[in-house]
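# Structure at a glance
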Amino acid sequence: MTDPNEPAPSAPLLEVKGLTVEFRTEHGPVQVAREVCFTVRSGETFGLVGESGSGKTVTSLAVLGMVGPSGGRTPAGSVRLDGRELRGLPRRELRRVRGNEIGMIFQESRRSLDPAFTVGDQIAETMRAHLGISRRDARRRAVEMLELVGIPAAARRVHEYPHQFSGGMAQRVMLAIALCCSPKLLIADEPTTALDVTAQAQVLRLIRDLQDELGLAVLFISHDLGVIAQMCDRVAVMYAGQIVEQAPVEDLFLRPRHPYTAALLRSVPNARDGADLVAIPGVVPPAHAWPAGCRFHPRCAHAADRCASEAPGLVPAGDGALVRCLLADTLALEGVR
Ligand SMILES: Nc1ncnc2c1ncn2[C@@H]1O[C@H](COP(=O)(O)OP(=O)(O)OP(=O)(O)O)[C@@H](O)[C@H]1O
Ligand SMILES: [Mg+2]
């Protein structure tokens, strides 16, 4: 007989359901992400894309149980890793999960490196805290980790301090720390946004290579559709705290189903040869002022009267895609090749 507590072999590695994030603000409690649902399968890269303020970072922090320190809470939802519920776990246990099972890397994560300690010490400390290995083993493994993330002369550089590393090299150090306890999932929130073009390309390639080599799953967050196209297998598009479309990456670019996705695609340079860039009119409204009905309707070129009052659900739209638009069936939106 099968154990009902064992996840089925096809179960996703990460399963997020109905996740809602709320902050107390001067406008009262405000839900900055609402009923977010997605899954990340073993070995795949799942992307979250959307304009600034759409709720990508708060969603990833909520997955990690980390909205508390910035004054937020997750009043609803479920986050399962390998079938195990993370929401409601004691803080200590969550910290263990964050080191051992989920690695994280952020934009300008150099700021989370301690300037007073060598990078080797910082990698070794993480491994000692999470894996309980000896100081000597940890030091040896720290050099191996720096080699793994492609830092030249690792045996020497392990003794250097964070300020001695360029932005790109510092992101590699952060990757070494994120991966040193062999997590199954890496959460990468705009990991290359602060880097120059060359360093960005190198770090993205590194993440892809490491993913192949280590069989990692990645939750990859970016506002940059070009980067998303390079990195991801499946993508969810966020707008105003909600997922508005989700699809396999090629499908999303070729055949967007939500007017917001189509508008995002048109607003990106190089996305369409010869086509004029069209900025999306207006901005993402602040979280306390998200409109009734479809939250995108004030900026939508296709909006009908009922879009102002009827809130669309996220519904299946064929080929594994989901869309949150009342008019999705009637629109023929243009994608990019
Ligand atoms: N600590 C906080 N207190 C109150 N509101 C917050 C807090 N952190 C984030 N928010 C609000 O939550 C919403 C979503 O923010 P979030 O940082 O997740 O956006 P994002 O999609 O990651 O944007 P970006 O591309 O700029 O990183 C925004 O309206 C933001 O102002
Ligand atoms: Mg963010």
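Our subject is the structure that appears above.
Residues numbered from 1 in each chain as written. Chains lettered and ligands numbered in written order. Predicted model: local features only at pLDDT ≥ 70, side-chain atom pairs only at ≥ 80, totals over all residues. Heavy atoms only, no water.

This next bit is on the sheet that holds strand β12 (residues 322-323). If you trace the eight strands from one edge of the open sheet to the other, you get β6-β7-β8-β3-β9-β10-β12-β11, paired in mixed fashion. For this open sheet the edge positions go to β6 (102-106) and β11 (315-316), each flanked by a neighbour on one side alone. When strand β9 (residues 234-239) meets strand β10 (residues 242-248), the two strands line up antiparallel, connected through six bridges. Note that in β10 the partner of V235 across the bridge is A247. Helix α10 (residues 259-266) contacts β9 and β10 of the sheet and is inclined by roughly 100° relative to β9. (Pairing = 2+ DSSP bridges. Helix = DSSP H or I, 4+ residues; strand = E, 2+ residues; numbered from the N terminus. Contact = heavy atoms within 4.5 Å. Axes fitted to C-alpha atoms, helices over the stretch in contact; angles between N-to-C directions.)

On to the site of ligand 1, then. Neighbouring ligand 1 are 13 residues; S52, G53, K56, T57 and V58 lie closest to it. Separating an oxygen atom of ligand 1 from a side-chain N or O atom of K56 is a distance of 2.8 Å. Within the complex, the protein chains bury 66% of what would otherwise be the 640 Å² of accessible surface of ligand 1. Here the shell around ligand 1 takes three residues from helix α1 (residues 56-63), the largest share from any one element. When the residues that make up the shell around ligand 1 are grouped by side-chain class, the tally is four nonpolar, six polar and three charged. (Near = heavy atom within 4 Å. Polar contact = N/O pair within 3.5 Å; in protein donor to acceptor, adjacent residues only side chain to side chain. Areas by Shrake-Rupley, 256 points an atom, 1.4 Å probe, with all protein chains shown as cover. Nonpolar A, V, L, I, M, F, W, Y, C, P; charged D, E, K, R; others polar.)

Let's shift gears to the sheet that holds strand β5 (residues 84-85). The strand order across the open sheet formed by four strands is β2-β1-β4-β5, and the pairing between neighbours is antiparallel. Two strands in the sheet have a free side with no partner beyond their single neighbour: β2 (28-40) and β5. Looking at chain direction, strand β1 (residues 14-25) and strand β4 (residues 72-81) are connected through seven bridges and run antiparallel. Counted as the bridge partner of E15 is R80 from β4. Sheet strands in contact with α1 are β1, β2 and β4, and its direction is about 115° off that of β1.

Below, the discussion takes up the nonpolar core. What tends to happen in soluble globular proteins is that the nonpolar side chains get buried as a cluster. Within the largest apolar cluster, 68 residues are counted, with the highest numbers of intra-cluster contacts made by I123, L146, V173, L175, L186, F220 and Y260. Sorting elements by how many residues they give to this core places helix α6 (residues 167-179) first, with nine residues. The residues contacting F220, other than those within four sequence positions of it, are T45, F46, G47, L48, A188, P191, L204, I207, V227, I228, M231 and C232. (Core = buried A, V, L, I, M, F, W, Y, C linked by side-chain atoms within 4.5 Å. Buried < 20%, exposed > 50% of the residue type's maximum accessible area, 1.4 Å probe, protein only.)

To describe a pair of aromatic rings, you give the distance between the ring centres and the angle between the ring planes. Summed over the entire model, instances satisfying the criterion amount to four aromatic pairs. Relative to Y260, the ring of Y239 has its centre 4.6 Å away and its plane inclined at 55°; by these criteria the two rings are tilted. Placement of the pair is Y239 in strand β9 and Y260 in helix α10, with a sequence separation of 21 residues. As far as the burial class goes, Y239 and Y260 line up, both buried. Judged by centre distance (5.1 Å) and plane angle (80°), the ring pair of Y239 and F296 falls under edge-to-face. Here Y239, found in strand β9, pairs with F296, found in the loop between α10 and β11; they are 57 residues apart in sequence, far enough to count as distant. With respect to class, Y239 is no different from F296; both count as buried. One aromatic cluster is present, formed by Y239, Y260 and F296 through successive ring pairs. In this structure, R157 is placed above the aromatic ring of F165, and the distance from its NZ or CZ to the ring centre is 4.2 Å. (Phe/Tyr/Trp six-rings, centres within 6.5 Å; stacked < 30°, edge-to-face > 60°. Lys NZ or Arg CZ within 6 Å of the ring centre and 35° of its normal.)

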